[in-house]
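Topology and contacts: notes
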Amino acid sequence: MKKIINKWMLFTAMLALLFLAACGSDNEETEPNEETETGAETAEENTNSEEEADTERTLTDAMGNEVTIPANPERVIASYLEDYLVALGITPVAQWSVRDGSDVQDYLQDSLADVPTIPSELPFEAVMEFEPDLIIMDSAAMVEDNKYEQYNKIAPTYVVGTEENNDWREELTTIGEVFGKEDQAAQVLADYEAKAEDAREQIQSAIGDESVAALWLFADTFYIVSENLSSGDLLYNDLGLNAPEVVSEISEATTANWSEISLEKLAELEAEHIFLVNSDGEGATMLEDPIWQNIPAVQNGNVYEFDRGSSWLYTGPIANSQMIDDALESLVE
Amino acid sequence: MSREIVKQRKFIQLAFILLILLFTGMYVSLTHGEFTMTISDVIRTLIGIDQNREHQLVIFEFRLPRVIIALFVGLGLGIAGAVIQALTRNELADPGILGINAGAGVAVVIYMYAVSRMDVSNELLSTFSMPFFGLIGGTITALFIYGFSWTHGRLDSNRLLLVGIAAGSGLGAISLYISLKMNPQDFEAATMWMTGTIWNANWNKIISILPWFCFLLPIMFLRASHLDLFYLGEDTAKNVGVSTEREKSIWLLGSVGLISACVSVSGSIGFIGLLSPHIARSLVGLHHRKVLAVSGLIGMVLVTFGDFIAKTVFSPVELPVGVVIAIIGIPYFIYLLKKKLNK
């Protein structure tokens, strides 16, 4: 059976090629159709093998909209929620990107390498071009100003949360419900908690109550993670690590995931381990700065560097799980 | 007498050329976009033969509202610019540069902030009441800069520009602050109020600004001859028996009303009110009935083409239309400034 499909696909591909060569100027109209057909097929294969809810359902989203979810959503756009989709084994038709597709969520590319990009602002016509059958929005802010009505005309649109920083566990559960994959979502969560618990014990026996901080270096400025958000939530809550005083101090004054930290404050940072996300790349001048050099973690060689593509700037089941792996590798081995 | 006829014919010719330009702009905006549609599809959808749901959605929900908003915003800002230039007798005056746009923007942003706080769910009502708050903010700003540039019993036009620019950047900063406070991650909304964009156009917005245009434009065109007198100087106006203070406040309120309607749907798009009246006067002379009409037409052409460039150059990523207009507008502003200094 598989062989037949392969042959058939090869045949259509060749046909398409012939077609393209034959009518140079017309390709703009024919190409997308060809693409969508094959895209829909692969999506179908994925979903059929898993067997989920096969009837239409109506759910109420965070904004109170009644959303009719199609029986088997096959062409999903859920910009910036790709982490959850991947965790639930769903491949979206388009993935979040900025700067005209050149920046994507690198840490998910193992699963999303073949998924085309869509600008993070989700222009209406770009969304339409993908012919989605379900749109999931991260927050109400993305559909304010009547935009909900317009997206909803393209495809049923479900808004996951009303806040910018929704709790990722709740978000995963909600998205599980949307796809009728509640059990799988619960399983992902349970696996994650077990993994975190295990890592917590290993790390605590390795470093005891030494303090840990996560910093992000971007354009010669250091940003420090907040105590209960993003990777801070993982380090201090899930892994139960100790936060240096400066981190707690800054977290109280801010609602942002990452807050700028002045050089004065950096000098006070008594962290014994530092996870550094370096967006400036090698040879960043700030890393030569004496203030940086004087931090205990730097002096003892306990800085663990990650590039900007790593999962440390993100939140979600996959991102957090990857961060646990990184933390284990850095702190235990 | 025959000179009058020649002039009239020239005016009609000019209007005709501008209309053709305008239709070209509308045509390319409707036919070009991220979603691939053939030109015959577009036309067949427009006249209702094509019943394809997707095509109708693209044309009637996404492209057409946007083109119509562009037309209204261009018309409103072009006319308001011509009025403000005549009232202040300063060809560098522009509602954007003078900070009136920014003033209306601040009021709208404050209103939105209050609404989002009170959790009013009726979106239609809030869309409709936005221009009123814009009017309040714009009027206060206009009176403020007017008051500050009034020295020795007359309007100091250099002072007017300076005060206006200062007020504009101050108010812009306030809008930025409030809109970021509403939603720290949403720079998109913030830039909308700073530079002006119309990418999220919809029919509700069009309906919300329509009454303003229907009400204010006839008043303005009927009174346009008074504007000629203002342009010659307030004393002239007084001498022929125009009650200047009353007349001036009508014009000021009227133009701020138009600006507020535009700002409430598109944010603060600058330079339209500078470019269009200036081009219009160089084309049709000083008769303000014609200047207003031509200036409005030029404004429409500018915004339509500006938005077309904004949405296609970096497609599928969009630029705010205000940025495109500013790229055209700033060199023109410098040219005018230089010309004025050389005089």
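All values reported here derive from a predicted model rather than from experimental measurement. (Residues numbered from 1 in each chain as written. Chains lettered and ligands numbered in written order. Predicted model: local features only at pLDDT ≥ 70, side-chain atom pairs only at ≥ 80, totals over all residues.)

The strands making up a sheet associate through backbone hydrogen bonding, with each pair oriented either parallel or antiparallel. All names here are of chain A. Here we have 3 strands laid out as an open sheet, ordered β3-β6-β7, and parallel in their pairing. Pairing within the sheet leaves two strands with one partner each, and these edge strands are β3 (76-77) and β7 (157-161). Bridge count for strand β6 (residues 134-139) against β7 is 4 bridges, and the pairing is parallel. Paired with I135 across the strands is T157, a residue of β7. Where helix α7 (residues 168-178) meets the sheet, its contacts fall on β6 and β7, and the angle it forms with β7 comes to roughly 160 degrees. (Pairing = 2+ DSSP bridges. Helix = DSSP H or I, 4+ residues; strand = E, 2+ residues; numbered from the N terminus. Contact = placed C-beta atoms within 7 Å. Axes fitted to C-alpha atoms, helices over the stretch in contact; angles between N-to-C directions.)

What follows covers the pairing of β7 of chain A. Extensive coverage of β7 of chain A is indicated by the burial of 4 of its 5 residues. The parallel pair β6 of chain A and β7 of chain A is bridged by helix α6 (residues 147-154) of chain A, and the resulting crossover is right-handed. (Buried ≥ 20, exposed ≤ 12 C-beta atoms within 10 Å, placed from the backbone. Right-handed = clockwise from strand over helix to strand, strands pointing away.)

All names here are of chain A. Residues with a pLDDT of 70 or more make up 83% of chain A, whose mean pLDDT is 81. When pLDDT is averaged over each element of chain A, β3 comes out on top at 94 and helix α2 (residues 27-50) at the bottom at 41. In the predicted structure, residues 1-5 sits below a pLDDT of 50 and forms 0 contacts with residues beyond four places in sequence or in another chain. Every residue in residues 13-52 is under pLDDT 50, and counting partners more than four places away or in other chains gives 25 contacts. (pLDDT = per-residue confidence, 0-100.)

Further remarks concern the pairing of β6 of chain A. Residue and element names in this part refer to chain A. Extensive coverage of β6 is indicated by the burial of 5 of its 6 residues. In this sheet, β6 lies alongside β3 in parallel orientation, the contact comprising 2 bridges. Within the sheet, the bridge partner assigned to V76 lies in β6 and is L134.

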